[in-house]
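Overview (structure and organization)
Here are the chains, one letter per residue:
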Amino acid sequence: MTCIIVDDEPLAVKLLESFVKKTPDLQLLGAFTDSVEAVNAVKSQQPDLLFLDIQMPDLNGMELAHMIPPATRVVFTTAFKEYAFESYEVSALDFLLKPIRYNKFLAAVDKARQWYGREGQQAGAPPVAPAQATNCQRDARTGTDEAKTSIFVRVDGELQNVSIDSIVYVSGMKDYVMFYLEGESKPLVSHLTMKLVEAMLPADKFLRVHRSYIVAVDKIRKVDRNDCIYIGQEVIHVPESYQQAFRTFIETHSF
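Keep in mind the model is a prediction, meaning the values are calculated, not measured.

1. Observations concerning the overall build of the chain
- Secondary structure summary: the chain contains 9 helices and 15 strands in total.
- The proportion of buried residues among the 255 residues of the chain is 44%.
- In the chain, once contacts between residues fewer than 6 apart in sequence are set aside, the share between residues at least 24 apart is 48%.
- When the accessible surface of the chain is split by element, carbon and sulfur atoms take 51% of a total near 14,400 Å².

2. Regarding empty space enclosed by the protein
- One pass over the structure, following the stated rule, counts 1 cavity of 30 Å³ or more.
- Computed from the structure, the largest cavity encloses a volume of approximately 90 Å³.
- As for the largest cavity, its lining consists of L59, E63, H66, M67, F152, V153, R154, L159, S190, L192, L196 and M200.
- Of all the elements in the fold, those that place two or more residues in the lining of the largest cavity are strand 6 (150-155) and helix 8 (194-200).

3. A look at the pairing of strand 2 (residues 27-32)
- Looking at chain direction, strand 1 (residues 2-6) and strand 2 are connected through 5 bridges and run parallel. Within the sheet, the bridge partner assigned to I5 lies in strand 2 and is A31.
- Crossover strand 1 to strand 2 through helix 1 (residues 10-22) is right-handed.

4. Here's the deal with the packing of aromatic side chains
- For the structure on display, the rule yields 6 aromatic pairs.
- Here a set of aromatic residues connected by ring pairs shows up, and it is made of F19, F51, Y102 and F105.
- The aromatic ring of Y102 is capped on one face by K22, whose charged end is 4.3 Å from the ring centroid.
- Across the ring face of W115, the terminal group of R73 is positioned such that the distance to the ring centre comes to 4.1 Å.

5. Describing the pattern of salt bridges
- What the rule picks out here adds up to 11 salt bridges.
- Across the salt bridge formed by R113 and D25, the nearest N and O atoms sit 2.6 Å from each other. Of this pair, R113 sits in helix 5 (residues 102-115) while D25 sits in the loop between helix 1 and strand 2, placing them 88 residues apart in sequence. Summarising the burial analysis for this pair, R113 and D25 share the class buried.
- Residue R208 pairs with E198 through a salt bridge whose shortest N-O separation is 3.2 Å. Placement of R208 in strand 11 (residues 206-210) and of E198 in helix 8 is noted, with a sequence separation of 10 residues between them.
- Residue E198 is classed as partly exposed on the basis of its relative accessible area of 39%.
- Three or more residues are tied together by salt bridges with common partners; here these are D7, E9, D53 and K98.

6. Side note on the sheet that holds strand 13 (residues 222-223)
- Strand order in the open sheet formed by 3 strands is 13-14-15, and the pairing between neighbours is antiparallel. A strand with exactly one partner marks an edge of an open sheet, and here the two such strands are strand 13 and strand 15 (234-237).
- In terms of strand pairing, strand 13 meets strand 14 (residues 228-231) through 2 bridges, oriented antiparallel. For V223, the partnering residue across the bridge sits in strand 14 and is I229.

7. Considerations on the environment of S150
- You can see S150 is positioned in strand 6.
- Note: C-alpha distance between S150 and S166 (16 residues apart in sequence) is 9.2 Å.
- A distance of 2.8 Å separates the side chain of S150 from the side chain of N161, its partner in a polar contact.

8. Focus on the environment of F152
- The topology assignment puts F152 in strand 6.
- Accessibility expressed as a relative area gives 34% for F152, which makes it partly exposed.
- For the pair F152 and A65, spaced 87 residues apart in sequence, the C-alpha separation works out to 9.8 Å.
- For F152, the residues in contact, after removing those within four places along its chain, are H66, L159, Q160, N161 and M200.

Definitions and cut-offs
Residues numbered from 1 in each chain as written. Predicted model: local features only at pLDDT ≥ 70, side-chain atom pairs only at ≥ 80, totals over all residues. Heavy atoms only, no water. Helix = DSSP H or I, 4+ residues; strand = E, 2+ residues; numbered from the N terminus. Buried < 20%, exposed > 50% of the residue type's maximum accessible area, 1.4 Å probe, protein only. Contact = heavy atoms within 4.5 Å. Areas by Shrake-Rupley, 256 points an atom, 1.4 Å probe, with all protein chains shown as cover. 1 Å grid on protein atoms, 1.4 Å probe; cavity = no way out; pocket = protein on both sides within 12 Å on 5 of 7 lines; lining within 4 Å. Points joined across faces, edges and corners; volume = space filled by probe spheres on them. Pairing = 2+ DSSP bridges. Right-handed = clockwise from strand over helix to strand, strands pointing away. Phe/Tyr/Trp six-rings, centres within 6.5 Å; stacked < 30°, edge-to-face > 60°. Lys NZ or Arg CZ within 6 Å of the ring centre and 35° of its normal. Salt bridge = Lys/Arg side-chain N within 4 Å of Asp/Glu carboxyl O. Polar contact = N/O pair within 3.5 Å; in protein donor to acceptor, adjacent residues only side chain to side chain.

Next up, the structure:
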């Protein structure tokens, strides 16, 4: 099974790396101390397992767990047992309390083996051909990922399930972003960065047109000769630094 480690404490990362090395059927794809960087890596590499710390700056483990491919199973690693109940909300495979012992780590890996139905192979059942297994996993994950229709946004301490198709545009102000939704007069305000939101939203549906704006391309009503976008109740001028990407988009979607 493939895995990725995400923890903002370098010593915790090294400990988990040593555990992975001692476990023959685990392959480490990467280890990250920056949770924002980890999001893109998990989405692109789609590991079987994600060993994930909860308390981290910028993006905590609970928020990150809502953004990964559904085929990746999460094992939370934390020093705070009060998060145990919340971990079940994201269907975590296991919850390891720091300091983590190797026997507890192995127990979590065994749960993963059971989840993926690989215990039979460990006991001597005929193995699946690697190419066949890879193709099956890729097909399943692609189908699941394409079916993703919503994201979870933390607002006032609660996670709200937001339909991706309902988002008109997103604007940022310092360490906060505002999600403007169809049919809603007030935006949802969350403590996030625009960089993170850009990574969360599907690139084929959303375009960053300004340092402070990401727009849903199918919600744009018109673009005037001054490169101003009319969307929702907002008029957004596309600055020079974003004009090349924006004009490329316009050219590929225009007669």
